[in-house]
Amino acid sequence: MNLRTFLLGTCSAVALAGLAQAETLTIATVNNGDMIRMQKLTDDFTSKNPDIQLEWVTLEENVLRQRVTTDIATKGGQYDIMTIGTYEVPIWAKQGWLLPLDNLGPEYDVDDLLPAIRSGLTIDGKLYAAPFYGESSMVMYRKDLFEKAGLTMPDAPTWDFIADAARKITDKGNEIYGICLRGKAGWGENMAFLTATANAFGARWFDENWKPQFDQPEWKNALDFYVKLMNDAGPPGASSNGFNENLSLFQTGKCGMWIDATVAASFVTNPKESTVADKVGFALAPDTGLGKRGNWLWAWNLAIPAGSQKAESAQKFIAWATGKDYLKLVAEKEGWANVPPGTRTSLYENPEYQKAAPFAKMTLDSINAADPKNPAVKPVPYVGVQFVAIPEFQGLGTAVGQVFSAALAGQMSVDQALASAQQLSTREMTKAGYIK
Amino acid sequence: MATLHTRSAARLMIAPSVLLLLAWMIVPLAMTIYFSLLRYNLLMPGMEEFAGLTNYTYFLTDPAFFQAIFNTLAIVLGVLFITVVGGIGLALLLDQPMFGQGIVRILVIAPFLIMPTVAALVWKNMFMNPVNGLFAWLAKLLGLQPFDFLANAPLLSIILIVAWQWLPFATLILLTALQSLDEEQKEAAQMDGAGAVSRFIYLVLPHLSRAITVVILIQTIFLLSVFAEILVTTNGGPGTQSTNLTFLVYAQALLQFDVGGASAGGIIAVILANIVAFFLMRMIGKTLEA
Amino acid sequence: MARNVSTGRKLITTVVAWTIGILIFFPILWTFLTSFKTEAQAIASPPVFLFFDWTTENYSEVQSRSDYLKHFMNSVVVSFGSTLLGLLIAIPSAWAMAFSPTKRTKDVLMWMLSTKMMPPVGVLVPMYLIFRNWGLLDTRTGLVIVLTLINLPIIIWMLYTYFKEIPGEILEAARMDGASLSKEIIYVLTPMAIPGIASTLLLNIILAWNEAFWTLNLSAAKAAPLTAFIASYSSPEGLFYAKLSAASTMAIAPILILGWFSQKQLVRGLTFGAVK
């Protein structure tokens, strides 16, 4: 008791001393589950760093992206730490908008970061953002429904098997839909999935001269396959389902399969949130025998805008939030299965994690198998599996996503959609000066 | 009253508002016109160069441009139609004697007080969602396939949501106007043996014309730039089926971060809005003078 | 009531009106009910209406994520501040326009209204740059200024239509009686203008409270009002209907209650000179 009082006393003394020069960090982040958890655990950080206070701006992904991009491009300086994706990091770093993270402290162990994730955040040998969680894509499926239908999911399925199984499992009368896939328009929503899937079908966004390739047969095969499959075995309203909507559907037992981000694995196996927690199996993202699986690579990262006056405190926070101790902290409070995945080699070597997270191996394999430098079967001029790492892609990807979403909703045919996508992208790429 | 002295005093009193609004209009407008002539993408700073009218050409030839104009007008006209017709009906109903009139009015007024974002979120998720929404449950109850509102009738769904928000506004204005109709006039008409229909056409409707004009004017101003409802529910899709002009400009500004293109779009939208405003003002001006 | 209406007819009207009223109100009621459900109950099929285990856990969850009171205070300051500032600027103008109108008064009014037709997205970047240069980003002052400018035309127009209804003869009569200008304003004009000002105030507080584009884009943490508070619930991971409902209820309740309590003034405010 005495010791505790003493400690408390010192703490508050330190806090009081700190208040004189307390620094407030404004952190912009996404409203994803792992970030909300981080927000709730920040007492741990502020008690260790009483001179730093935190203000959170938690927004839906698209709104967040617009807010932080506008702010950093106009040097508005409203945020001290921004949550940004693997897509933004290289583009922003090249503009000199980000501060290299070279002061994360001796305990941070940069070499422990998964090489695939780390290389996407490193430009000219400097780390510009620290990964908070990383993901690839994989198949999540209901073991019970597969058993009932007499099917066995291979570790590395083909698209033909997936489509066949999805149709067999579908039981619309009981609201069981064989497969849930993204359909909501957006470069980070349906186009992430479709671009990655198209890679497996041998398609690509652009040829070596930046000429759009939507008029090629590979795209037609891919989109045709997707639309037909979703019409036969997908849930109603699929054209407005993104990651979050599909997650709810899967958690409430309405999907037989779901191909999406590996990070979802811990949500669908969490008995507190999922009604099918004990019935989920995992497999690699499907292929078509052309040599690409089309599993993507993504990470949500914390970065500091260049010119920040609070860089030192900001780096402290980033080191805390993406460090090894944070993983332990989450494990203590919420169990190992819920730690933010996909960033550190040591996590996947941890026997406790392997035991608690049945999806650990599949996640790691998927992340390691992703190849952003050579995403498609044919050569491409760009980097990125489920996106094209050029600034114009957000607008272009979303516009094409709208067209494909309309094809899924039955508002236009696959051919019309592809013709329209081809026209759109030729126009935008000409405007942006890629096509001379 | 209008002596020289009071007139200059009046000018002085009007000046602050006029100057402020002038600044509010001109400063952003001038910057927007300037930006609209540049090749200016936020994501590529330092590359700004004079681009002439390129941005305008691209915006006007955007495959979605005419659809966006059509959708803008469809939203304005659709919502106006529902709210004016529904508003007249509701106003006539609420004008009748009944029990608990005050409470009914409280119920009817409520949607007007709701944030557009909240209204759109609630309608999208809890009502129109084809799996978990209430409408889907109702459809299943009746043995029908759930209808996927936002994918199959996106524009109509948005019109419905927006109309729900504006119906109270129209109802209340029309109700106030109705209540000012002379009780004696109504009775006199009744004495003359005029039926309910002819009383409505010859007495009530002319009396309401002024109120209807006001409803149309105020709502049009807000409806031309409907945005939050579209962003939250359909994101302009599927395809561009629910993209209006404001949303098209938004896509340029905050998805492509093409400030030049968005500025050109903004200028075009302002011009179009002013054309609409011109006709509206002529129509309104006449009724309001009377 | 001058009219003789049979009780039977009154009953039918009552039933019809109540049914329609409840239907119109239902989405809000449903949101309120859902906010007390668990996430699983919120999407249950068939839906549960009243008989479920009422819980307040959604509210504590929402509160633990973002401080409601802070956002609420920002909303209050911004909406009241902008409306009061707007009134301060608008009252003299509307007064002058109503009592010494010129040929151009109508045109000026219409021009003012037309400034509301510019799509805000088109000028976001210029505005952002201006705000940055003046240090107004993420400040309540900045939001007050923008919302004042946005709603000023509506305020002026509403006041103008009210002031026009004040008969000029009364003023002249008062003047004949030898009332000084200050007495004229205090005893004659103010009592007649107050109801109009009150309803203008109310309507514009509502409009400012619900404005979601500028308030969201020009604020970050310190000045963020309730519109930003809602923005983090729009499409989160996992089941969210109940939490969304709780956050929605918290965001709309204050303005709903204000609107209901001042219903009479508000209704009068909504006429915009439509009634003559």
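Here the residue numbers are simple positions, counted from 1 along each chain's written sequence. All chains are assigned letters beginning with A, and all ligands numbers beginning with 1, in the order in which they are written. For a predicted model such as this one, the threshold for reporting local features is a pLDDT of at least 70, and the threshold for listing and counting side-chain atom pairs is 80 or more; totals across whole chains, interfaces and linings nevertheless cover every residue.

*Asks:* Pulling in residues and values, what's your account of the overall build of chain C?
*Replies:* Per the convention used, a helix needs a DSSP run of H or I reaching at least four residues, while a strand needs a run of E reaching at least two, with both numbered from the N terminus. Within chain C, the secondary structure is distributed over 13 helices and zero strands. Put simply, chain C runs from its N terminus to its C terminus through helices and strands in the order α-α-α-α-α-α-α-α-α-α-α-α-α. The C-alpha atoms of chain C give a radius of gyration of 23 Å, which is well past the 19 Å a tight globule of 276 residues would have. Based on the C-alpha atoms only, the size of chain C along its principal axes is roughly 75 × 70 × 30 Å. With C-beta atoms placed from the backbone, a residue is labelled by how many other C-beta atoms lie within 10 Å of its own: buried for 20 or more, exposed for 12 or fewer, partly exposed between the two. In chain C, buried positions account for 50% of the 276 residues. The contact criterion used is a C-beta to C-beta distance within 7 Å, with each C-beta placed from the backbone. When contacts within chain C are restricted to residue pairs at least 6 apart in sequence, long-range pairs at least 24 apart make up 81% of them. As a reference, a globule follows 2.2 Å times the number of residues to the power 0.38, and the radius of gyration itself is taken over C-alpha atoms.

*Asks:* Could you give me a rundown of the interface of chain A and chain C, with the residues and numbers involved?
*Replies:* Many structure descriptions define interface size as the accessible area lost when the parts assemble. Between chain A and chain C, the residue contacts involve 25 residues of the former and 19 residues of the latter. The set of elements that each furnish at least two residues to the side of chain A that touches chain C consists of helix 2 (33-40), strand 2 (52-59), helix 4 (61-73) and helix 11 (243-251) of chain A. Charged means Asp, Glu, Lys or Arg here, nonpolar means Ala, Val, Leu, Ile, Met, Phe, Trp, Tyr, Cys or Pro, and polar covers whatever is left, Gly included. Each residue belonging to the side of chain A that touches chain C can be placed in one class, and the counts come to seven nonpolar, 14 polar and four charged.

*Asks:* Which residues make up the packing of helix 3 (residues 57-65) of chain C against helix 12 (residues 241-261) of chain C, and what are the values?
*Replies:* Helix-helix packing: each pair is described by the crossing angle between the helix axes and the interaxial distance. Residue and element names in this part refer to chain C. One way to put it is that helix 3 packs onto helix 12 with a least axis distance of 9 Å and a crossing angle of 75 degrees. For the element pair helix 3 / helix 12, the angle class is roughly perpendicular. Residues Asn58, Tyr59, Glu61 and Val62 of helix 3 form the contact with helix 12, whose participating residues are Ala242, Lys243, Ala246, Ala247 and Met250. For every element, the axis is a line fit to its C-alpha atoms; helices are fit only across the contacting stretch, and the angle between N-to-C directions ranges from 0 to 180 degrees. Oblique is the label for every angle not falling under 35 degrees (roughly parallel), over 145 degrees (roughly antiparallel), or within 65 to 115 degrees (roughly perpendicular).

*Asks:* Hey, could you go over helix 10 (residues 217-233) of chain A for me, with residue numbers and the actual values?
*Replies:* Residues and elements named next belong to chain A. Helix span, as expected, comes to 1.5 Å for every residue beyond the first. Relative to the 24 Å expected for 17 residues at 1.5 Å per residue, helix 10 spans 24 Å between its end C-alpha atoms, a close match to the ideal helical length. Turning to helix 10, its buried residues are Glu218, Trp219, Ala222, Leu223, Tyr226, Val227, Met230 and Ala233. Burial along helix 10 is one-sided: seen end-on, the buried residues are contained in an arc of 165 degrees. In helix 10, the exposed residues that point more than 90 degrees away from the buried face are Pro217 and Asn231. Comment: arc refers to directions from the helix axis out to C-beta atoms.

*Asks:* Outline the sheet that holds strand 9 (residues 255-261) of chain A, listing residues and values.
*Replies:* All names here are of chain A. One open sheet accounts for four strands, arranged 8-9-7-10; its pairing is mixed. Two strands in the sheet have a free side with no partner beyond their single neighbour: strand 8 (177-180) and strand 10 (280-284). Across the sheet, the mean angle separating the axes of adjacent strands is 20 degrees when strand polarity is ignored. One bridge is not enough; two strands pair if DSSP finds at least two bridges between them. Pairing of strand 7 (residues 137-142) with strand 10 involves five bridges; the strand directions are antiparallel. Counted as the bridge partner of Val139 is Ala283 from strand 10. Seen against the sheet, helix 11 touches strand 7, strand 8 and strand 9 and runs at an angle of roughly 145 degrees to strand 9. Strand contacts of helix 17 (residues 360-369): strand 7 and strand 10, with the helix running at about 25 degrees to strand 10, the strand carrying the most contacts.

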